[in-house]
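Chain by chain, the residues run as shown.
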Amino acid sequence: MLKGFRDFIMKGNVVDLAVAVVIGAAFGAVVNSLVENILMPLIAALFGAADFDSFGLVSLNGVDIKFGVFLTVLVNFLIVAAAIYFMVVLPMNHMIARRNAKLGIKDEEPAVDPQIELLTEIRDSLKAQPSGGQHSPYV
């Protein structure tokens with residue numbers, strides 16, 4: 001039983017997943033620090049408030065409906081998504097494109113569906129006919 005567990009743990013997929021989780025958690029801390037310590041203070045300086053929690057506060061029968069809290073979470077999400085895109089995804093795509101250009105690797109064109117190819121050939125042969133593929137009412 002222990003041997004089977006050891007074999008399972010030592011498989012490449014499990015180890016890769018464990019490494020990805022640890023790296024993801026560490027990267028999450030970096031992104032959160034960027035948002036909380038740099039970007040949100042910049043927004044606070046521009047708008048005069050660190051968050052929108054008090055914006056759109058509505059009381060209904062003694063229950064607070066907090067639109068501002070949702071707006072704050074939404075803005076934080078958009079900032080995190082933008083930070084990840086501009087600081088990770090975009091530079092990584094540029095590095096991959098430069099590496100591929102250096103190595104002479106070209107993007108593969110998607111395979112054409114055989115049915116689409118056949119329909120294209122039929123269309124082209126119909127266009128090549130003298131009548132333009134139209135049936136004559138006199139035939």
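The rules behind each value
Residues numbered from 1 in each chain as written. Predicted model: local features only at pLDDT ≥ 70, side-chain atom pairs only at ≥ 80, totals over all residues. Heavy atoms only, no water. Helix = DSSP H or I, 4+ residues; strand = E, 2+ residues; numbered from the N terminus. Contact = heavy atoms within 4.5 Å. Pairing = 2+ DSSP bridges. Buried < 20%, exposed > 50% of the residue type's maximum accessible area, 1.4 Å probe, protein only. pLDDT = per-residue confidence, 0-100. Salt bridge = Lys/Arg side-chain N within 4 Å of Asp/Glu carboxyl O. Phe/Tyr/Trp six-rings, centres within 6.5 Å; stacked < 30°, edge-to-face > 60°.

## Brief notes about the side chain of T72
- Turning to its location among the elements, T72 is positioned in helix α3 (residues 67-103).
- In this view, T72 contacts D51, F52 and D53; residues no more than four positions away in its chain are not counted.

## Thoughts on the pairing of strand β2 (residues 63-66)
- Inspection of the sheet shows strand β1 (residues 57-60) paired to β2 by four bridges, in the antiparallel sense. In the sheet register, V58 faces β2, and the bridge partner there is I65.
- Between β1 and β2, which pair antiparallel and follow one another directly, the connecting turn spans two residues, one of which, N61, has a positive phi of 55 degrees.

## A look at the environment of V21
- Relative to the helices and strands, V21 is located in helix α2 (residues 12-47).
- Judged by relative accessible area, which is 52%, V21 ranks as exposed.
- In this structure, the C-alpha to C-alpha distance between V21 and I65, residues 44 residues apart in sequence, is 36 Å.

## Digging into the confidence of the model for the protein
- Taken as a whole, the protein shows an average pLDDT of 83; of its residues, 93% reach a score of 70 or greater.
- The secondary-structure element of the protein with the lowest mean pLDDT is helix α1 (residues 2-9), recorded at 79, while helix α4 (residues 114-128) shows the highest, at 90.

## Topic: the environment of V35
- In this fold, V35 is placed in helix α2.
- Since its relative accessible area comes to 4%, V35 is described here as buried.
- A C-alpha to C-alpha distance of 8.1 Å links V35 and A83, two positions 48 residues apart in sequence.
- Setting aside residues up to four positions removed in sequence, V35 forms contacts with M40, P41, N76, I79 and V80.

## Observations concerning the environment of S125
- With respect to the helices and strands, S125 occurs in helix α4.
- Considered as a pair, S125 and L60 are 65 residues apart in the sequence and their alpha carbons are 70 Å apart.

## Side note on the pattern of salt bridges
- All told, the structure shown has one salt bridge when counted by the stated rule.
- In this structure, R123 and D124 form a salt bridge, with 3.1 Å as the shortest nitrogen-oxygen distance.
- For R123, a relative accessible area of 42% translates into the label partly exposed.

## What to know about the packing of aromatic side chains
- Enumeration over the complete set of coordinates arrives at one aromatic pair.
- Look at Y85 and F86: their rings are 5.1 Å apart centre to centre, the planes differ by 80 degrees, and that puts the pair in the edge-to-face class.
- By relative accessible area, which is 38% here, Y85 ends up partly exposed.
- Judged by relative accessible area, which is 53%, F86 ranks as exposed.

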